[in-house]
Structures are given as structure tokens and as C-alpha cells.
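Listed here are the chains, written in short residue letters.
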Amino acid sequence: MSGRIVIPINNESGELVAYAGRSIDGSEPKYRLPAGFKKGQVLYNLARALEEDSTGAVVLVEGFFDCMKVVQAEHVCVALMGCSLSDEQEAQLVAHFRQVLIMLDGDEAGRRAAIEIAGRLVRRAWVRVVDVPAGKQPDQLLTQEVRELLAKT
């Protein structure tokens with residue numbers, strides 16, 4: 001993990017299950033995860049989100065820094081660690097939250113994934129897709145911009 005920002009990843013119970021290392025010098029891969037770690041079995045920040053939640057609502061984003069930005073904007077948030085939703089992650093979301101605001105990146109992949117995820121979740125929860133500006137990621141927005149986008153309910 002040398003030359004990387006290291007991000008601890010905890011499971012639903014708050015137990016440390018892995019570390020992610022993000023490149024800070026532009027080297028590839030951008031993110032490094034431990035061998036054998038299956039990111040589709042975990043929602044980043046879920047344990048903390050469960051402690052903070054009082055409304056049954058959560059914001060779902062793609063990445064670690066997107067999640068940190070949304071939390072900074074004072075919203076409960078979890079991250080997929082990518083733009084696909086596994087069956088395990090879906091089960092965790094609907095087991096704990098009645099409302100899911102999907103706030104994926106404003107690129108083509110993020111928009112397609114948001115529609116696909118919304119289609120899966122809408123049968124089991126109230127869902128809204130948040131329209132992130134084209135070409136932007138939630139972590140690139142100002143905190144106030146995140147608040148404004150999430151307030152449009």
C-alpha cells in the first residue's frame with residue numbers, strides 16, 4: 001500500500017474485513033484491494049450508516065470518496081465500491097433501509113447502472129435516482145451542491 005491512501009473497510013457488524021489502497025500519484029491500478037476480498041459482499045460504511053440512521057433512508061454511491069462527501073453533507077450514505085449492485089448488497093440495503101437515493105457518477109456507466117439498480121430495488125424499497133451533473137462524481141461537487149441535489153425529493 002506504499003504511496004496510497006489506505007481506507008479501512010468494515011462489514012455490517014463493524015468488523016474490519018479489508019483495506020483499500022488508492023493511488024495518489026496516478027499509478028495503476030487506481031485502487032488496490034487485498035487478494036480474495038469480494039467487494040460485492042460488503043457495502044462500504046454500512047455499519048456507521050446503521051448507527052447514524054434514524055429515518056430509514058440512505059444514499060447509495062459508487063466510491064469511498066463519494067461516500068465521504070455525502071456524509072460531509074450530513075446524509076447517511078453507503079458505497080458499492082464500483083457501479084454494480086450484487087445480490088448480497090441488495091439484501092443488505094433492503095434489510096436496513098426503506099428509502100434509497102441512488103447517486104452514482106454522472107457518466108454513461110453511472111447513469112446506466114443507476115437505472116438498472118433502481119429497477120431492482122423499486123420492488124422492495126422507495127427509490128429515487130439523483131441526477132449528478134454530466135461528467136461529475138459526487139466527490140467533485142461542493143458540499144452545498146450535494147445537499148441541493150439530495151433535497152430534490
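Attention in this report is confined to the structure presented alongside it. All values derive from a computational prediction rather than experimental measurement.

Cut-off values and rules
Every residue gets a number counted from 1 within its own chain, in the order that chain's sequence is written. A pLDDT threshold of at least 70 governs which residues receive local features in this predicted model, and a stricter bar of 80 or more applies before side-chain atom pairs are shown or counted, although totals over entire chains, interfaces and linings include all residues. The basis for the side-chain values is all heavy atoms of the structure; hydrogens and waters are excluded. We call two strands paired when DSSP finds no fewer than two bridges between them. Only DSSP runs of H or I with at least four residues qualify as helices, and only runs of E with at least two residues qualify as strands; both kinds are numbered from the N terminus onward. Fitting a line to C-alpha atoms yields each axis, with helices limited to the stretch in contact; the angle taken between N-to-C directions then spans 0 to 180 degrees. What makes two residues a contact is simply this: any of their non-hydrogen atoms within 4.5 Å. Among buried residues, the Ala, Val, Leu, Ile, Met, Phe, Trp, Tyr and Cys ones that are joined through side-chain atoms within 4.5 Å form a nonpolar core. Burial classification: accessible surface area is computed with a 1.4 Å probe over protein chains only, and a residue below 20% of its type maximum counts as buried, one above 50% as exposed, and the rest as partly exposed. Any Lys or Arg side-chain nitrogen located within 4 Å of an Asp or Glu carboxyl oxygen qualifies as a salt bridge.

For sheets, the rule is that strands pair by backbone hydrogen bonds, running either parallel or antiparallel. Strand order in the open sheet formed by 4 strands is β5-β4-β6-β7, and the pairing between neighbours is parallel. Each edge of the sheet is formed by a strand with only one pairing partner; in this case those strands are β5 (77-79) and β7 (126-129). Adjacent strand axes in the sheet meet at a mean angle of 25 degrees, parallel and antiparallel pairs treated alike. One ladder, built from 4 bridges, connects strand β6 (residues 99-102) with β7; its direction is parallel. Counted as the bridge partner of L101 is R128 from β7. Packing against the sheet, helix α4 (residues 108-121) makes contact with β4 (57-61), β6 and β7, and its axis sits at approximately 170 degrees to β6.

Attention now goes to the pairing of β6. Pairing between β4 and β6: 4 bridges, direction parallel. Looking at the pairing, V59 lines up with L101 of β6.

This next bit is on the nonpolar core. One finds I9, Y44, V59, V61, V70, M103 and L150 to be the most contacted residues of the largest nonpolar core, which totals 24 residues. Contact partners of Y44, with chain neighbours within four places excluded, come to I7, P8, I9, F64, C67, M68, C77, V78, A79 and M81. One finds L80, I102, I117 and A125 within the second-largest nonpolar core, a separate group that totals 22 residues.

Our next topic: the sheet that holds strand β3 (residues 31-32). Pairing is antiparallel in the open sheet, where 3 strands are placed in the order β1-β2-β3. Each edge of the open sheet is held by one strand with a lone partner, namely β1 (4-10) and β3. Where β1 lies against strand β2 (residues 16-23), 7 bridges are found, and the strand directions are antiparallel. Each bridged residue has a counterpart across the sheet, and for I7 the counterpart in β2 is A20. Where helix α2 (residues 64-72) meets the sheet, its contacts fall on β1, β2 and β3, and the angle it forms with β1 comes to roughly 75 degrees.

On to unusual backbone geometry, then. Going from E28 to P29, the amide bond is cis rather than trans, its omega being -5 degrees. Among the secondary structure elements, P29 is positioned in the loop between β2 and β3. Within the chain, E74 stands out as a residue other than glycine whose phi angle is a positive 70 degrees. Among the residues examined, E74 registers a relative accessible area of 65% and is labelled exposed. Even without a glycine there, the phi angle at M81 is positive, about 65 degrees. Structurally, the position occupied by M81 is in the loop between β5 and α3 (87-96).

On to the pattern of salt bridges, then. In the structure shown here, the tally under the stated rule is 6 salt bridges. Close ionic contact of R124 with E90 constitutes a salt bridge, the shortest N to O distance being 3.4 Å. Taken together, the residues R124 in the loop between α4 and β7 and E90 in helix α3 connect sequence positions 34 residues apart. Residue classification places E90 among the buried residues on the basis of a relative accessible area of 9%. Residue R111 is joined to D131 by a salt bridge in which the shortest nitrogen-to-oxygen separation is 2.6 Å. One end of the pair, R111, is in helix α4; the other, D131, is in the loop between β7 and α5 (143-151), with 20 residues separating them in the sequence. Look at R111 and you get partly exposed, because its relative accessible area is 29%.

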